[in-house]
Amino acid sequence: MADRLERLLNLTAALLEASVPLTADDIRERVPGYPADAGETFRRAFERDKESLRHMGIPVRTEDLPNADPPVPGYRIRREEYALADPGLEPDELAALNLAVATVQVDGLSSGDAINKLGGASETGDGPAVELPSMPNLGPLFAAAAAGAVVEFRHNDKDRVVDPYRLSFQRGRWYLDGRDHATQEPRSYRLDRIEGSVTVGPPNGFERKPLTGRGMLPPWEMGGETPMAALVRVDADQAPFACDTVGREHVATMHDDGSVDLLLTVSNRDAFRSFVLGFLDHAEVLSPPELRDDIIAWLQGIR
Amino acid sequence: MARTSADDRLRRLLAIVPWVAANDGPKIADVCARFGVSQAELLADVDLLQYCGVYPFTADVLMEVRLEEDRIWIQYADWFNRPLRLTPEEALTLVASGRALLAVPGNDPEGPLARGLAKLADALQVDADEAIEVHLGNVPAGMLDTLRGAIAASRQVELDYYTYGRDARTRRVIDPWDVYAAEGEWYVQAFCHAAQAERLFRLDRIRSVSVLDRTFDPPATLPPRRVFSAEEADARIVLDLEPWARWVAGQYPMEAVEELGEGRLRVTMKIAEQAWLERLLLRLGPGATVVEGDTSVAPAAAERVLRRYTGTVAAS
């Protein structure tokens, strides 16, 4: 396959060198290794090469030739679109990134090419200690969030138009946090519930508004009910887990026996009840009476 | 050795050429180690470079490769003087991996990884803090280091462990083999002396860990990494779900899902542990009806939780 590699290299050089788009005929004449006839064999070989280059991320543009009537398609690669901006990494920084990709494996995505583009790997660790699942739309959604491009996709049987703010990996799943165009509200979308592929709009398609706090709201704050302050006691055994889940800032009291009282704002009772019952008999709603009675009535309904 | 495709070789060359061109005659062995390529592969690929350039392929528009002793120079490769930009997937891999590792307790938030990540994000014009967030699961500070140290030194450890599925705390001695994060949680894989078998422990359920003086012989090969799942369970339950409880079918692995009409579902699922089922049924309340399986689980659990509320005076 040496001749194909040679042809691909020469094709890339020719397209990078071109200051005006090259026609298919230009390419056949200037890049060695193509069939001499401008027939179907050449057309197929050229299409396949173009596809190969684009597949590896080389931005081969199709542009109409200037001053041609009728329009004639031409091809080129713009240098500024081709080249990786130099991040200017120090050796210890490159080594740290290298260790990161050796330690954290995103399933199905190879990191070797990425590290090579940054100047190569010096060594690898003893296998990944962290595995992140990959999703079909992960790459495009990340690029869209980074570029500020509006995305469209089908999610839970509904077509959505969303300003993508960020990708978030929580409790073993990938989410897209963003603003839904239909409701103009912040929302999280589970990536595994997106059907088919994502359509990405042009860059800088929306203005970022600050999302509420760090991450998205906990479920018991995601509701239209009048917010209520609730005090929940969690036993010592479950306290560390509970504190991590709600955030340390919600710990109202830490008792000597290791149990904690959590102060939560509740605007979604169903979600709040669900959270508290997840602790079985290791947690108890202390106040307000309204929410406490709600739990009691719910449990009595199960008996 | 598997034959590498022309595409893969091109991808590799487009990374190697700018690096060699920017460094004054690096050692061939260093280039091979750095880019993970054998000397034979490297030499075959760069040999080809000498015939590459642009029309009319006269000496002044061809690349030049010079090999002297154990060193290599590449010149006149101006088309390829910068590496190819990262694909979205590559950028994601780098930034997500870096963010994930930074989130591991004990990592220096101002160390080389944080600095490298910030520079990379700058070059990619990505706000790394904004565009991606990775939570690997909760680990008490210091526990990861303690366990890693014990694994490295092959020392036994004693755990105070909370078994979520059985809702019980136990003390047990383990031989820790491996510690890793997968599917959002941290796990330690170990030989458990109480069970006399390989067991998996979640780090966020370890209340305390102490390293013992006793050592152990680690297995020659580790069993495959796994995560907690209900697959090994034998118990089965069949539930009818009201429309508002349909989310259960998307949240947990199901053996069978059947539409009952009007938005109701009948689902069959495996149950690993009693406490897990109790939680699910208490949360669902009237949203779920047990069609097959132990119908006493939910009432008994509800009774137990209620006992906590009766006789306790509300705080305010």
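All figures in this text were calculated on a predicted structure; none of them were measured in a lab.

Here is what the cut-offs are and how they apply
- Residues numbered from 1 in each chain as written.
- Chains lettered and ligands numbered in written order.
- Predicted model: local features only at pLDDT ≥ 70, side-chain atom pairs only at ≥ 80, totals over all residues.
- Buried ≥ 20, exposed ≤ 12 C-beta atoms within 10 Å, placed from the backbone.
- Helix = DSSP H or I, 4+ residues; strand = E, 2+ residues; numbered from the N terminus.
- Pairing = 2+ DSSP bridges.
- Contact = placed C-beta atoms within 7 Å.
- Axes fitted to C-alpha atoms, helices over the stretch in contact; angles between N-to-C directions.
- pLDDT = per-residue confidence, 0-100.

Peer 1: An account of the pairing of strand 13 (residues 283-287) of chain A is requested, with residue identities and associated values reported.
Peer 2: Residue and element names in this part refer to chain A. Here strand 13 lies mainly inside the structure; four of its five residues are buried. Here strand 10 (residues 228-234) runs beside strand 13; their pairing, made up of four bridges, is antiparallel. Bridge assignment links R233 to a residue of strand 13, and that residue is E284.

Peer 1: Outline unusual backbone geometry, listing residues and values.
Peer 2: With an omega of 0°, the peptide bond running from D69 of chain A to P70 of chain A counts as cis. Mapping P70 of chain A onto the fold places it in the loop between strand 1 (60-64) and strand 2 (73-77). The omega torsion of the bond from Y55 of chain B to P56 of chain B falls at 5°, within 30 degrees of zero and hence cis. With respect to the helices, strands and loops of the structure, P56 of chain B is situated in the loop between helix 3 (39-49) and strand 1 (64-68). The backbone of Q184 of chain A shows a phi angle near 60°, a positive value even though the residue is not glycine. With respect to the secondary-structure elements, Q184 of chain A resides in the loop between strand 7 (173-180) and strand 8 (186-190).

Peer 1: Tell me about the pairing of strand 7 (residues 197-202) of chain B, and name the residues and values.
Peer 2: Residue and element names in this part refer to chain B. Here six bridges tie strand 6 (residues 185-192) to strand 7, and the two strands are oriented antiparallel to one another. Note on strand 7: the bridge partner recorded for F191 is E198. Connecting the antiparallel pair strand 6 and strand 7 is a turn made up of four residues, with Q196 showing a positive phi of about 55°.

Peer 1: Can you explain the environment of A45 of chain A? Please cite residues and give values.
Peer 2: All names here are of chain A. With respect to the secondary-structure elements, A45 resides in helix 3 (residues 40-55). Residues A45 and Y34, eleven residues apart in the sequence, show an inter-C-alpha distance of 7.3 Å. Not counting residues up to four positions away in its chain, the partners in contact with A45 are Y34 and P35.

Peer 1: Quick rundown of the sheet that holds strand 11 (residues 264-271) of chain B? Include the residues and the values.
Peer 2: Residues and elements named next belong to chain B. On the basis of which strands lie adjacent, the open sheet formed by four strands has the order 10-11-9-12 and antiparallel pairing. In the strand order of this sheet, the two ends are held by strand 10 (256-261) and strand 12 (288-292), each with one partner. Mean inter-strand twist for the sheet, computed between neighbouring axes without regard to direction, equals 30°. With five bridges joining them, strand 10 and strand 11 adopt antiparallel strand pairing. Along strand 11, the bridge assignment pairs A256 with T268.

Peer 1: A description of helix 9 (residues 274-284) of chain B should follow, citing residues and the corresponding values.
Peer 2: Of all the eleven residues making up helix 9 of chain B, eight are buried; the element is thus mostly covered by neighbouring parts of the structure. For helix 9 of chain B, the set of buried residues is L277, E278, R279, L280, L281, L282, R283 and L284 of chain B. On the buried face of helix 9 of chain B, the contacting elements are helix 9 (269-277) and helix 10 (289-302) of chain A together with strand 9 (235-241), strand 11, strand 12 and helix 10 (297-309) of chain B. Immediately downstream of helix 9 of chain B, the backbone of G285 of chain B shows phi near 50°, a positive value.

Peer 1: Describe in detail helix 9 of chain A, supporting the description with residues and values.
Peer 2: Every buried residue of helix 9 of chain A is listed here: F272, R273, F275, V276 and L277 of chain A. Those residues of helix 9 of chain A hidden inside the fold are in contact with strand 10, strand 12 (260-266), strand 13 and helix 10 of chain A together with helix 9 of chain B.

Peer 1: Just give me the short version of the sheet that holds strand 10 of chain A, but keep the residues and values in it.
Peer 2: Residues and elements named next belong to chain A. Here we have four strands laid out as an open sheet, ordered 11-12-10-13, and antiparallel in their pairing. If you trace the sheet from one side to the other, it starts and ends with strand 11 (251-254) and strand 13, each paired once. Pairwise comparison of adjacent strand axes, ignoring direction, gives a mean angle of 25° for this sheet. When strand 10 meets strand 12, the two strands line up antiparallel, connected through seven bridges. Bridge assignment links V234 to a residue of strand 12, and that residue is V260.

Peer 1: Describe the environment of P223 of chain B, and please don't skip the residues or the numbers.
Peer 2: All names here are of chain B. With respect to the helices and strands, P223 occurs in the loop between strand 8 (206-215) and strand 9. Residue classification places P223 among the exposed residues on the basis of 11 C-beta atoms within 10 Å. Distance in space between the C-alpha atoms of P223 and W177 is 9.5 Å, their sequence separation being 46 residues.

Peer 1: Lay out the confidence of the model for chain B with the relevant residues and their values.
Peer 2: Residue and element names in this part refer to chain B. Taken residue by residue, chain B gives an average pLDDT of 87. The fraction at 70 or more is 94%. Counting interchain partners and residues more than four positions distant, the pLDDT-below-50 stretch residues 312-316 has nine contacts. Across the assembled chains, the prediction reports ipTM 0.73 with pTM 0.72.

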